[in-house]
Structure formats: C-alpha cells, structure tokens
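What follows is the residue order along each chain.
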Amino acid sequence: MRSIVPVFFLLLVFAPAAPAQQAITLDDCFSFFRFYPQPAPDFRFTPDGHHYIQEEDGALVEFDLGTGLRSRTLVPDEVLKAVGNWDDYTFSRDLSKVLLRTNTQPVYRHSVTADYWVYDLKTAKSERLYRGGPVQFAVFSDPGNRVAFVTGNNLYVKDITTGTTTQVTQDGAPNAIINGIPDWVYEEEFSPPDGDGMVATAWSPDGNKLAFIRFDEREVPEFQLSWYAAAPYPKYTRFKFPKVGSLNSRVSVHVYDLKTGKLTQPLAGSEDRDIYLPRIYWTPDNLLCIYELNREQDNLSLVLYDPEQDATGLLLYENDPAYVDLDISDNLTFLPDGNGFLWLSESDGHTHLYRLPMHPAAAVGIQQLTKGDFDVTEFYGADPYTGKFYYQAATPTPMDRQIWEGSLSGLPPRLLTPGPGTHDAVFTPDFAFFIHKHATLNTPPTAELCTRDGSVLRSLLRNEHIIKLRETYGFAPVEFFTVKAADDSTNLNAWMLRPLDFDTSRQYPVLFDIYGGPGSQTVLNQYDGYIGAWRQLLAQKGYIVVSVDNRGTGARGRDFKKCTQLQLGHLETEDQIAA
C-alpha cells in the first residue's frame, strides 16, 4: 500500500497557452519554493501543558504557552555547540535531563545511527551515552534515570545516576539477529504514517522493566542494493529482504527485569509461527500489551502479559474479511485505574471509537463513543479527569476534516472547528490547550492557539505573503465536482483546475493527476503549495488538471476502501478511465 507511486495521465488536445498576471516558472516551484507556505510552529509541550520548548539563538528555551514569552533557558548554546552537530533532542519527563542526538547517519526510511549525549540540567554537565560505536536507537525511562539504547543490534541499559551500562542481549549480529529495533519489513510497512518509524523497545511506566522485540532474520533471503554516486563504480549493500512468498523474520517479544536481571518471553514459541508482532504498549499499571497479527493481516489479537505473574490473557480479538488496518488500530489508549481502553475499529462500516473493558470483552461491555456516516481520521487522546476525548473526523464531507470533543459518558459530541477545509490539532498533555491548524484547497494554512473549548488565545501563523503571491501570479481557483465510477452508480469525488481565462468553446489538454492507493486521498480540501504550484503553472500554459479519488480510497467507509482487496489496480483503473 505504501509503494504505489503517483501517476499522471495526459489527454492530448492542445490549445494555446493562457495569459497570466505573472508567469510561474519551474524554478519558482521546485528551486525557490516560492509558493510553499510557512508551516505551523512545531511546539514541544512540557508535561505541565502550559509551556513549550523551542530552539532560539542556538539554545533550547522554554516559553510560556499563553503569552509566547521566554520563560527560561533549559540548555545553553555553549552546551549544544560542545556536543557537535546535533539535530534532535528528547527531555526526560521531569525536564531534569535531555538526550541530544548528533552525527546522525540515515540507514533506511526512518532508521539512523548516531551519537547521543546526556545533559543534566541540575549539574550542568554533559556525558556521551556510549563510546563503543554508533547508537541505533535511544530512549529515556519514564522517571528519566535510565536510558535504553541499541548498538550492534544488541540492547543496552545505562543508569544515568551511577554511570553503569548493562548489556541486555548478547546475540545481535548484522543480517542475523536484531534486538530492540525493527527489521527492514517492519520499519517500512509497520511504521505509523505520521511518526519517526516503528518502535520496538518500550519502558514500563515504573521504569523497572524493558520490553523489546527480537527479530531472527537468518533464514530471510538477502537482497543486494547498488548505490550509484560520483565514483566510477557503485557500492553495494546486502540486507534481508523477503519477497512475496519467501520467509519473514521470526519475531518474539521479551521483557527484561532490571531488578532481577531476568529475561522472560511472554509468547513462548511465537518466533516459530508466520505472524507479525508489530506493536508493544504498556498499560498504566505495568502490564504489557502485544499486537499479534497473522501474515494475511485479517486477524489481530491483543495479548495482555503480566510480568509479575508471568501470565498472558487475550484482551481483544479483531478480524476483517479483507484486512485489519493497522494505521487505524494503532490508536490504543489505556485509561487509568483499570477503567478500560479506547480503540478505533471499522466494525460498523466506518472508523469509530469504542471503549472496552480490561477483560476479554463481552458485547455488554463495549461502548461505541462515536457514531455516524463518517470516518474518524485522527484520535488525539482522552482526558480521564474531565471525561472528554478529542478526535478529527471526515466531516461535513469526506474531503474535509473537523475537530470534535466527545464524552466518555456518552453525551453528544461538540464541534470545536466549524467550517469546511482541513482542521488539525496538536493538544497539550493536559488537553487544556491546542494548536488549531486550518487550510482549504485555495487558502494557505493558518494556525491559532486555542483553549479546549475552541476559544482563540493568539494567532500563530497567517501566511499572508502566500495570499499576496497567489494574487500577483494569478492563481486560478481549484473546484470540487463529482463524476460517476465505472459502475455508473457510485459518485467519485474530484477536483478540477482550469485556466483562469477558461473558454467553454475551446478544447484543452487535460492532465489526470492521481494516486488511488488503498485508504489514500488526493481529493482533499487542503492546501498544496508544492505540486499545487506546478499545477498552476500548467493552468497558465492552457492545461486543465483533474484529480479523482477512485474506489479504494479513504474516508468513505470500510466497504469503499476495501473493495479493491485481492484485485488491486482493477477497479481503480476502470474508474479513472470512466472519469
């Protein structure tokens, strides 16, 4: 699903280029990015929900959320300069320490190797995490007194207080055994669409146990990749790559107890089965939840493991005649005090949120929290203290996105962001505030800081210069319409961009700009300042540009999305031809 590339179909009925106020060039689009809007600020909220952290003048600074004023310097510029060329950072929950990533080198789509430094804000001292080689992954324990990291395909734990490093696994080896980070298939296919890659190592909330996934890829066939650069000869990389029908890695989940030094394996024998274990999560009371997905991906089990009792039990079983969409099932949220968990499912024909108990769910224990002829497209989280939860839905049309507040007690939901377009949100940890991002097909993004009831506190982004540029260069409006699918009964959503001086008595060349993969959408009421600018260039030159979401695309329910199962490319092609 992630490997389908955009396709452009051109209907060649040529017409003269249309005049424009100012000509758009390819350099404007792809060298200068002249029409690319400024993005909303990337706030990293502090745990109290009233501050955020940003880089300023070479330092990491804490700001007051309500006023935007500087609160305090957390990491001085001289510390950041001393560790070298850093590109990412992670604070411990109590903000007493920060993990700085330097000398980063890419591996695959998400994975990297790097050097890491730990800076202690109380002692104002920094220390390199590990000197034995590049680190593949590193993460703080919840209290912040330990760091788990992977190097050489083995998992380690460093006690920041004592400086002691413990090697948890011993068998890691290239193209053989991987501990604590995903293999190529898991990284490529099971990484969340909006994240930094799949996470295969997770601390328990109390910081005393460490769960990780082990990948045995010794029987997976190797693939040779050629790298062509400026040198006369290419260099080669060999890595494990399972093609269709060949063996995948054998996977198993393990739990390391830092107090006893003991390793346990919750699903004994699982590495001998042709299954996926794509997610591990801890509950607030230190139980481990393991996703177990069959290779056909139509059956998903959530297994709950109690490391104190060394016992497992079934938490949830979900099946789908086509496939269980892991991107939907990735929004697992456990409520505190054993009050159940929240789960997104397509079981009623649309993606909706459910509340389930912490024991194998009987039908009487399931509460459907969202209902209607729409898909929930994003779950932002729940505030158990107010009994409210927050989500994004494809409303009022599948092309739009709006933000809603729901109630865990079942009260009617409340719309926080009325109006068409794409509304998105980034909430503070306590859900007291959120950054509201908004754009439409013809208006660039804006951003505002809002309270949980939707009231605006201050503006963060306007992109007024993009609005002026659109006027100067004579951007034509993009318009929505519908067209019949090949079955002559299903309406397909589409948009069309016509030259600004469009003449109904003339013929024009038409470019079909499509994607069409499962669950995707190109027909969205959102702004595109990148390829969208190139489309405007074509409109200036007398082209019509059209995009159609064929059957199999997203935000129109389960059946519309999954009708292409086992016949990928058939209905999609017919629909584009019909359009």
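Residues numbered from 1 in each chain as written. Predicted model: local features only at pLDDT ≥ 70, side-chain atom pairs only at ≥ 80, totals over all residues. Heavy atoms only, no water.

In the predicted model, the protein carries a mean pLDDT of 93, and 95% of its residues have values of at least 70. Across residues 1-5, confidence stays below pLDDT 50; counting only partners more than four residues off in sequence or on other chains, it has 14 contacts. (pLDDT = per-residue confidence, 0-100. Contact = heavy atoms within 4.5 Å.)

Turning next to the sheet that holds strand β11 (residues 146-151). Spatial strand order, β10-β11-β12-β13: four strands in an open sheet with antiparallel pairing. The open sheet terminates on both sides in strands that have one partner only, identified here as β10 (137-140) and β13 (165-167). Ignoring strand direction, the axes of neighbouring strands in this sheet form an average angle of 20°. The pairing of β11 with strand β12 (residues 154-159) spans six bridges and is antiparallel. Each residue of the ladder has a partner; that of Ala148, found in β12, is Val157. (Pairing = 2+ DSSP bridges. Helix = DSSP H or I, 4+ residues; strand = E, 2+ residues; numbered from the N terminus. Axes fitted to C-alpha atoms, helices over the stretch in contact; angles between N-to-C directions.)

The buried fraction of strand β16 (residues 209-216) amounts to eight of the eight residues, a majority that puts the element mostly inside the structure. Here β16 shows no split at all, with Lys209, Ala211, Ile213 and Phe215 on one side and Leu210, Phe212, Arg214 and Asp216 on the other all buried. Relative to β16, strand β14 (residues 177-179) is paired through three bridges, and the arrangement is antiparallel. Bridge assignment links Ile177 to a residue of β16, and that residue is Asp216. One ladder, built from three bridges, connects strand β15 (residues 201-203) with β16; its direction is antiparallel. Bridging across to β16, Thr201 finds its partner in Phe212. (Buried < 20%, exposed > 50% of the residue type's maximum accessible area, 1.4 Å probe, protein only.)

The next thing to look at is the sheet that holds strand β36 (residues 443-451). The antiparallel open sheet is built from four strands, whose spatial order is β34-β35-β36-β37. The open sheet has two free edges, formed respectively by β34 (422-427) and β37 (456-461), since each of these has just one partner strand. For this sheet, the mean inter-axis angle between neighbouring strands, taken without regard to orientation, is 25°. Across six bridges, β34 lies against strand β35 (residues 433-440) in antiparallel orientation.

One finds Leu288, Leu302 and Trp343 to be the most contacted residues of the largest nonpolar core, which totals 50 residues. Not counting the four nearest positions on each side in its chain, Leu302 is found in contact with Cys289, Ile290, Tyr291, Gly313, Leu314, Leu315, Leu316, Leu332 and Trp343. Formed by 23 residues, the second largest nonpolar core is a distinct cluster that contains Tyr473, Ala476, Val478 and Tyr527. (Core = buried A, V, L, I, M, F, W, Y, C linked by side-chain atoms within 4.5 Å.)

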